[in-house]
Amino acid sequence: IDIYRQLAKFNYDCGDYQTSRDMLDMYLSLFAVSKNDQNTAEVEDDIDERYQKNKQQEDSTTDGTKGNPRMYNLATLTAKPELLEILWGKLSCEILLENWEAAGVALDAVKTGIEELASSPVPGSASTVPILKPLDALVQRTWLLHWGLFVFWNNNSATSQHGLEYMVDLFTTEKYLQAITTNAPHLLRYLTAAVLLSKRRRSAQASKTGSHKDGNRLMKELVKIMQHCEYTDPIVEFVDCLCVKFNFELAQQKLSECEMVLETDFFLCRQTALYMEEARVFVFENYCRIHHKIDLAALGNKLAMESDAAERWIVDLIRNALLDAKIDSAEGCVVMGSDTASVYEQVMERTRDLNLRTSTLATNLSGVLTEARKEKEKRQRAAMDEDF
């Protein structure tokens, strides 16, 4: 079996990725729990009702007898950690063959394998040290984020399960965010671009569930992440100028620089036109928050567009129901409509962090009471000393 694995690696090194991928599929199937075995196990479980009840209480991912569908039906990696290398090879082959859907599945498998090995102790050992030590797990997660860029930026469709929305969710999880801030702050460029490109799409999806703040909340989280990363480039600075500094003149300058950066970036070059469109919408949204009537010439300057082109662009936004506004041709300006949030939205927004704020208030109040109690006891002791 080991020679078979070495042959798959040899084919990969020779550039025969199709054969290598097929061999790795066969190799993984040797350690996978087949569906027939799983069905047999389920029939045997039905015989013993007590065992069935215990079975339902166990973890739903893997239990040593069932294969994990997120990891090619492998039962577990703890008994054979070297299978993680095979999963990496599978991901590499799918990327090089440009099978993006299959590469997304392989990416999930590698992620699942990393997290399993990072949380499982060595079998048969009394030590609680995991198989994949924290520093090694951090390196593995960092590499996964880099390899994932091939999948995310080449599979960016509205129906894709591994597109930009999935990328944003992965990059903003605690463990992978730690990998970005510690090992790869340069990935902040791609996270910023992904958030901006998927912002309106996320807001549209969230509106179906009654929340219109999902895109805005995601942008607020991005700003917090930017404050912990010592990295900057025109794409990151553009968002910083709008969301932190509110400097529209500098944002206009950075937007022009963004176009040059996008055209020379390997992953973002195909998204240049879409990014510039979304960036202009983002500038317009922020500008409209502080203005009710906007001059078309001034707006064209803010968007790095000619006045006529800016007017046509705004007309398209209004026609597609993406903007609540009207154009006053006589005065040459845009008049914004009222965008008042409903009472329900206002209540949800104001009470979103109520538990955290209440806990902070209780902690501060407890500290004040403790200090007051100490001060009172100090005065009482001082009074007693004066009496004596």
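All figures in this text were calculated on a predicted structure; none of them were measured in a lab. (Residues numbered from 1 in each chain as written. Predicted model: local features only at pLDDT ≥ 70, side-chain atom pairs only at ≥ 80, totals over all residues. Heavy atoms only, no water.)

1. Points about the overall build of the protein chain
Of the regular secondary structure elements, the protein chain holds 18 helices and 3 strands. Per-residue burial for the protein chain yields a buried fraction of 38% across its 388 residues. Considering only intrachain contacts with a sequence separation of at least 6, the fraction spanning at least 24 residues in the protein chain is 61%. By element, 53% of the accessible surface of the protein chain is carried by carbon and sulfur atoms, the whole surface being about 22,500 Å². (Helix = DSSP H or I, 4+ residues; strand = E, 2+ residues; numbered from the N terminus. Buried < 20%, exposed > 50% of the residue type's maximum accessible area, 1.4 Å probe, protein only. Contact = heavy atoms within 4.5 Å. Areas by Shrake-Rupley, 256 points an atom, 1.4 Å probe, with all protein chains shown as cover.)

2. Details of the packing of helix H6 (residues 100–119) against helix H7 (residues 134–154)
One can describe the packing of H6 onto H7 by two numbers: an axis separation of 10 Å at closest approach and a directional angle of 165°. One finds that H6 runs roughly antiparallel with respect to H7. In this structure, H6 meets H7 at a crossing whose hand is left-handed. Mapping the contact onto sequence places Trp-100, Ala-103, Gly-104, Leu-107, Val-110, Lys-111, Ile-114, Glu-115 and Ala-118 in H6 and Ala-137, Gln-140, Arg-141, Leu-144, Gly-148, Phe-150, Val-151, Phe-152 and Asn-154 in H7. Residue composition of the contact of H6 with H7, grouped by class: 11 nonpolar, 4 polar and 3 charged. (Axes fitted to C-alpha atoms, helices over the stretch in contact; angles between N-to-C directions. Parallel < 35°, antiparallel > 145°, perpendicular 65-115°, else oblique. Left-handed = near helix turned anticlockwise from the far one by under 90°. Nonpolar A, V, L, I, M, F, W, Y, C, P; charged D, E, K, R; others polar.)

3. Examining the confidence of the model for the protein chain
Taken residue by residue, the protein chain gives an average pLDDT of 80. The fraction at 70 or more is 80%. Taken as a whole, residues 37–64 scores under 50 in pLDDT and shows 16 contacts with residues more than four places along the chain or in a different chain. (pLDDT = per-residue confidence, 0-100.)

4. Digging into the environment of Ala-8
One can find Ala-8 in helix H1 (residues 2–13). Dropping the residues within four chain positions of it, Ala-8 is found in contact with Ser-20, Met-23 and Leu-24.

5. Digging into the nonpolar core
Judged by nonpolar contacts, the single largest core of 92 residues is most densely connected at Leu-87, Trp-153, Met-167, Phe-171, Phe-238, Tyr-275 and Phe-284. No other element matches helix H14 (residues 272–289), which puts 9 residues into this core. With residues up to four places along the chain from it excluded, the contact list for Tyr-275 reads Ala-193, Leu-196, Leu-197, Ile-235, Phe-238, Cys-258 and Leu-262. (Core = buried A, V, L, I, M, F, W, Y, C linked by side-chain atoms within 4.5 Å.)

6. Some details on the pattern of salt bridges
Pairs can form between side chains of opposite charge once their charged atoms are near each other. For the coordinates displayed, the defined rule picks out 16 salt bridges. The partner of Asp-25 in a salt bridge is Arg-21, and the shortest N-O contact between them spans 3.8 Å. Placement of both Asp-25 and Arg-21 in helix H2 (residues 17–31) is noted, with a separation of 4 residues, approximately one turn of the helix. What makes Asp-25 partly exposed here is its relative accessible area of 29%. (Salt bridge = Lys/Arg side-chain N within 4 Å of Asp/Glu carboxyl O.)

7. Concerning the sheet that holds strand E3 (residues 333–336)
With respect to topology, 3 strands assemble into an open sheet ordered E1-E3-E2, the strand pairing being antiparallel. The strands lining the two open edges of the sheet, one partner per strand, are strand E1 (293–295) and strand E2 (325–328). In this sheet, neighbouring strand axes are inclined to one another by 25° on average, regardless of whether the strands run parallel or antiparallel. Bridge analysis of E2 against E3 gives 4 bridges, and the strand direction is antiparallel. Opposite Asp-328, over in E3, you have Cys-333 as the bridge partner. (Pairing = 2+ DSSP bridges.)

8. A look at a nonpolar patch on the surface
On the surface, a nonpolar cluster with roughly 330 Å² of combined accessible area is contributed by Leu-135, Val-139 and Trp-143. With respect to the helices, strands and loops of the structure, Val-139 is situated in helix H7. In this structure Val-139 comes out as partly exposed when scored by relative accessible area, which is 36%. (Patch = residues over 30% accessible without salt bridge, like charges linked within 9 Å, V, L, I, M, F, W, Y side chains within 5 Å.)

9. Digging into the packing of aromatic side chains
Under the defined criterion, the tally for this structure stands at 9 aromatic pairs. On the numbers, 6.3 Å between centres and 75° between planes, the contact of Phe-152 with Phe-171 is edge-to-face. With Phe-152 in helix H7 and Phe-171 in helix H8 (residues 164–171), this pair connects stretches of sequence that are 19 residues apart. Put simply, the rings of Trp-147, Phe-150, Tyr-190, Phe-266 and Phe-267 touch in pairs and so form one group of aromatic residues. A cation over a ring is seen here: Arg-141 above Tyr-176, with NZ or CZ 6.0 Å from the ring centre. (Phe/Tyr/Trp six-rings, centres within 6.5 Å; stacked < 30°, edge-to-face > 60°. Lys NZ or Arg CZ within 6 Å of the ring centre and 35° of its normal.)

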